[in-house]
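The lines below spell out each chain.
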Amino acid sequence: MEGATDTTDYFQQCKYIHEVELLNMKLQMRILETHLETKDRLLRNLEDIIDEQEARIANMEDFIQGRSPGYVARNQILKGISVLSLDFGALSEENLRLKAALAQHQKAARMAQLLETDEDYESDFTSCEERSRISTQSSTSNNEKPPYPLMARSIIDDGQLKKLKRVAEELKSEKDELRQLALDTKEAFTICMAELRLMLESKTADFFRVLVERYKAEMEKRRQLHNQLVEINGNIRVFFRIRPMLEAVGEQAIKMDEMDDWAIDVLQPGGKKTSHGADRVLTTTLTQKEIFEEVSPVITSCIDGYNVCIFAYGATGCGKTYTMEGPIEDPGINQRAIIQLFQVANEKQGDTKYSIQLSMVEIYNEKIRDLLNSSLSTVNIRMGEDGRLALPGSTSITVTSAEHVSQVLESGRANKAIACTQANASSSRSHVVVRVAVNGVNSITGESTTGHLNLVDLAGSERVSQTNATGQVLKEAQAINKSLSELGNVVLALRQNQKHIPFRNCQLTRMLEDSLNGDSKTLVIVHLSPESRHVTESTSSIAFAEKISKVATSKLRREGIRKSARKEAPPSPRK
Ligand SMILES: Nc1ncnc2c1ncn2[C@@H]1O[C@H](COP(=O)(O)OP(=O)(O)OP(=O)(O)O)[C@@H](O)[C@H]1O
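Residues numbered from 1 in each chain as written. Predicted model: local features only at pLDDT ≥ 70, side-chain atom pairs only at ≥ 80, totals over all residues. Heavy atoms only, no water.

Caption draft 1: Region of interest: the overall build of the protein. Counting its secondary structure elements, the protein contains 19 helices and 15 strands. Relative to its full complement of 575 residues, the protein shows a buried share of 41%. Taking as baseline every contact in the protein between residues at least 6 positions apart, the subset at least 24 positions apart corresponds to 71%. (Helix = DSSP H or I, 4+ residues; strand = E, 2+ residues; numbered from the N terminus. Buried < 20%, exposed > 50% of the residue type's maximum accessible area, 1.4 Å probe, protein only. Contact = heavy atoms within 4.5 Å.)

Shown next, in the form of structure tokens:
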């Protein structure tokens, strides 16, 4: 019986052992499954981290230093393993041995697991302080390897970092190539532009040269035609002289046309720009000497017996007296003209002996006063026996030298000042006429010629309506207006070769009848103030200039001027 009991015990013991072993095997299986599952999760995490790494190549160093969110996942996994361990502790209390055995197996299995695969976990679990310590050491010592976490090492092992580096290098070299290409393109573009500019400049210069030549040819043609026209129309020329700006402030409303020496541009008060032509425009930059050179050809024809009239027309203050008299140190046309007549007469002196007489009168309120006589006697106009107009009783001085001319003109100027005071008039309220007679007598034939040069500084042309004039001033203004208007009518009639010339309507035209009629040469210099505040007066002066410049068109057609102008136009420049 006892033997049977022992056998039963033994059998029972074996059964228990088998059951424990079976349980143990099952546990091992479960542990392995858990381990595999853990590994799978770990691998998935690793894949996620690798993906993240690819997207964050620039932050690789940060990742290597262990700041990746992958750690959080791994910590959770490890936590799970610990929970599993605790589960083992909750096994049935009824079999402590089994529990101990199980615990031992579990411990052994866990140890085996850790030893087998997770050596690296050790480093993963290294404390932050430890890691930073090692990291600091690694940065100072090149020999020690940094404690790369498992995932980083796996990436390095996989060659992904190398791959990424290679890609980065390729990208860098492509970028360098692109940069070089951009530099080459820029250089090529600069060279191309420089060549293009040179080509354009040379083409433009050629084109411009041809245009200038054509322009000059046109100008020359125009000048010739104009002279032809002036001769046809009785040698009457109209010039504009623009006075320089006297005030620094204000806009310049009148300028010479940049493209045309014979025209001016006027900026009207409303902002409109108008253009006006004349026989010549004397710009602000011309000196007194240069102005005289422009008019001197007309003056010297006096020596040959021609009558010449030069009028300075314009509103008060626009420079008429400056042009005719000028300052003592820089004299105007009057003095220069008479001195030139002297010089030319001296040069021509031979069989013909020349003498030059000078008189100077003023027409104020239709009365003529002798400015070379200090008593300022009034002078009348008479028709002489030779059919010439004379001013009997007026002083006529034969001038003998340039100095003498200056002296005589100066005394006339002084008397003019007295006249202004006596008549209570400013200089612009009267017309001042310097009359020069050039007599030539041929000692052999006895023939004589007389040419008259009339240099007229007209009264200011401003309108009565704009001056609010009354009484004496109104009377003066009316007389001035009338005489200027009559002068305009006479010049226009002469220019248009009208049958009746209205000389007799005022003292000024009466006095100058013999000088304006016939083969005479007349020049009207219309003076213009450039300042915009004088633009109304200037426009009125321009209107006067345009009125006296009018030419009968039927006459032009008869002369065939337009036809010839068209025929000889130079060729267009080639593009
Ligand atoms: N071309 C010029 N260059 C420099 N100053 C000038 C010029 N023309 C005129 N002036 C100056 O302008 C002012 C007026 O000129 P000026 O007396 O000759 O005008 P005006 O038309 O004769 O006037 P008025 O009709 O009142 O006699 C003067 O001070 C003169 O010196």
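Having seen the model, we can carry on.
Caption draft 2: Spotlight on the pairing of strand β1 (residues 236–242). Across the seven residues of β1, seven count as buried, placing the element largely inside the fold. In terms of strand pairing, β1 meets strand β15 (residues 521–528) through seven bridges, oriented parallel. What sits directly across from F239, in β15, is I525. Pairing of β1 with strand β5 (residues 280–282), which is carried by three bridges, proceeds in the parallel orientation. (Pairing = 2+ DSSP bridges.)

Caption draft 3: Focus on empty space enclosed by the protein. Taken as a whole and assessed by the stated rule, the structure comprises seven cavities of 30 Å³ or more. Counted as a void, the largest cavity has a volume near 70 Å³. Taken together, M324, E325, N334, Q335, M360, L409 and R413 make up the lining of the largest cavity. Secondary structure elements with two or more residues in the lining of the largest cavity: α11 (333–348) and α12 (402–422). For the lining of the largest cavity, the class distribution of residues is three nonpolar, two polar and two charged. Space inside the second largest cavity adds up to approximately 60 Å³. Lining the second largest cavity are I363, Y364, N365, E366, R429, S430, H431, A459, E476, A479, I480 and S483. Within the residue set of the lining of the second largest cavity, elements represented by two or more residues are β7 (352–364) and α14 (471–495). (1 Å grid on protein atoms, 1.4 Å probe; cavity = no way out; pocket = protein on both sides within 12 Å on 5 of 7 lines; lining within 4 Å. Points joined across faces, edges and corners; volume = space filled by probe spheres on them. Nonpolar A, V, L, I, M, F, W, Y, C, P; charged D, E, K, R; others polar.)

Caption draft 4: Structural view of unusual backbone geometry. Notably, N365 is not glycine yet its phi reads approximately 50 degrees, a positive angle. Inspection of the secondary structure assignment puts N365 in the loop between β7 and β8 (367–370). Taking the relative accessible area as the measure of exposure, N365 reaches 19% and is therefore buried. Phi at N497 takes a positive value of approximately 55 degrees, unusual for a residue other than glycine. Structurally, the position occupied by N497 is in the loop between α14 and α15 (507–511). Judged by relative accessible area, which is 40%, N497 ranks as partly exposed.

Caption draft 5: Structural detail: the nonpolar core. In terms of nonpolar packing, the biggest core is built from 46 residues, with F240, I264, F311, M511 and L512 touching the most fellow members. Looking at this core, the elements with two or more residues in it are β1, β3 (263–267), β6 (308–313), β7, α14, α15, β15 and α17 (535–549). Top element by residues in this core is α14. It accounts for seven residues. What M511 contacts, discounting residues up to four positions off in sequence, is V361, I363, I368, I381, L389, L391, V433 and R435. (Core = buried A, V, L, I, M, F, W, Y, C linked by side-chain atoms within 4.5 Å.)

Caption draft 6: Inspection of the environment of Q335 at higher detail. Mapping Q335 onto the fold places it in helix α11. For Q335, a relative accessible area of 18% gives the class buried. A sequence separation of 73 residues divides Q335 from V408, and the C-alpha atoms of the two residues are 9.9 Å apart. Excluding its chain neighbours within four sequence positions, the residues that come into contact with Q335 are S406 and L409.

Caption draft 7: Seen up close, the pairing of strand β14 (residues 448–457). With seven of its ten residues buried, β14 lies for the most part within the structure. The pairing of β6 with β14 spans five bridges and is parallel. Bridge pairing links C309 to N454 in β14. In this structure, strand β13 (residues 431–442) lies alongside β14, joined through ten bridges in antiparallel fashion. By the bridge assignment for β14, V432 is matched with D457.

Caption draft 8: Here's a closer look at the sheet that holds strand β4 (residues 273–277). Spatially, the three strands line up as an open sheet ordered β2-β3-β4, and their pairing is antiparallel. Edge positions in the sheet fall to β2 (254–256) and β4, since each of these pairs with one other strand and no more. The sheet shows a mean angle of 25 degrees between the axes of neighbouring strands, taken without regard to direction. By the bridge criterion, three bridges tie β2 to β3 in an arrangement that is antiparallel. (Axes fitted to C-alpha atoms, helices over the stretch in contact; angles between N-to-C directions.)

Caption draft 9: Region of the structure containing the packing of aromatic side chains. For the structure shown, the criterion picks out one aromatic pair. Geometrically, the ring pair formed by Y313 and F544 is stacked, given 3.8 Å between the ring centres and 5 degrees between the ring planes. On the criterion of sequence distance, the pair formed by Y313 in strand β6 and F544 in helix α17 is long-range, its members being 231 residues apart. Exposure remark for F544: the relative accessible area of 8% places this residue in the buried category. Over the ring of Y306 we find K521, and its NZ or CZ is 4.9 Å from the ring centre. (Phe/Tyr/Trp six-rings, centres within 6.5 Å; stacked < 30°, edge-to-face > 60°. Lys NZ or Arg CZ within 6 Å of the ring centre and 35° of its normal.)

Caption draft 10: Quick look at α14. In this model, α14 (25 residues) spans 36 Å end to end at C-alpha, consistent with the 36 Å of a helix rising 1.5 Å per residue. One or two residues past the end of α14 sits N497, with phi positive at roughly 55 degrees. (Expected span 1.5 Å × (residues − 1).)

Caption draft 11: Expanded view of the side chain of D370. On the secondary structure map, D370 appears in strand β8. R369 is the oppositely charged side chain nearest to the buried, salt-bridge-free D370, at an N-O distance of 9.9 Å. Of the polar contacts made by the side chain of D370, one reaches the backbone nitrogen of L372; its length is 2.9 Å. In this structure the side chain of D370 is engaged in a polar contact, spanning 2.6 Å, whose partner is the side chain of T395. Ignoring sequence-local partners within four residues, the contact set of D370 consists of M360, V361, L376, S377, V379, G393, S394 and T395. (Lys, Arg positive; Asp, Glu negative; His and termini not counted. Salt bridge = Lys/Arg side-chain N within 4 Å of Asp/Glu carboxyl O. Polar contact = N/O pair within 3.5 Å; in protein donor to acceptor, adjacent residues only side chain to side chain.)

Caption draft 12: A look at the pattern of salt bridges. Applying the stated criterion to the full structure yields 13 salt bridges. Across the salt bridge formed by K172 and D176, the nearest N and O atoms sit 3.9 Å from each other. Residue K172 and its partner D176 are located together in helix α8 (residues 160–232), separated by four residues, close to a single helical turn. In this structure, the salt-bridge partner of R209 is D206, at a minimum N-O distance of 3.7 Å. Of the two residues, R209 and D206 are both situated in helix α8; the distance of three residues between them amounts to about one turn of the helix. The partly exposed category is assigned to R209, whose relative accessible area is 43%. For D206, a relative accessible area of 40% gives the class partly exposed. One continuous salt-bridge network, built from bridges that share partners, spans K172, D176 and R179.

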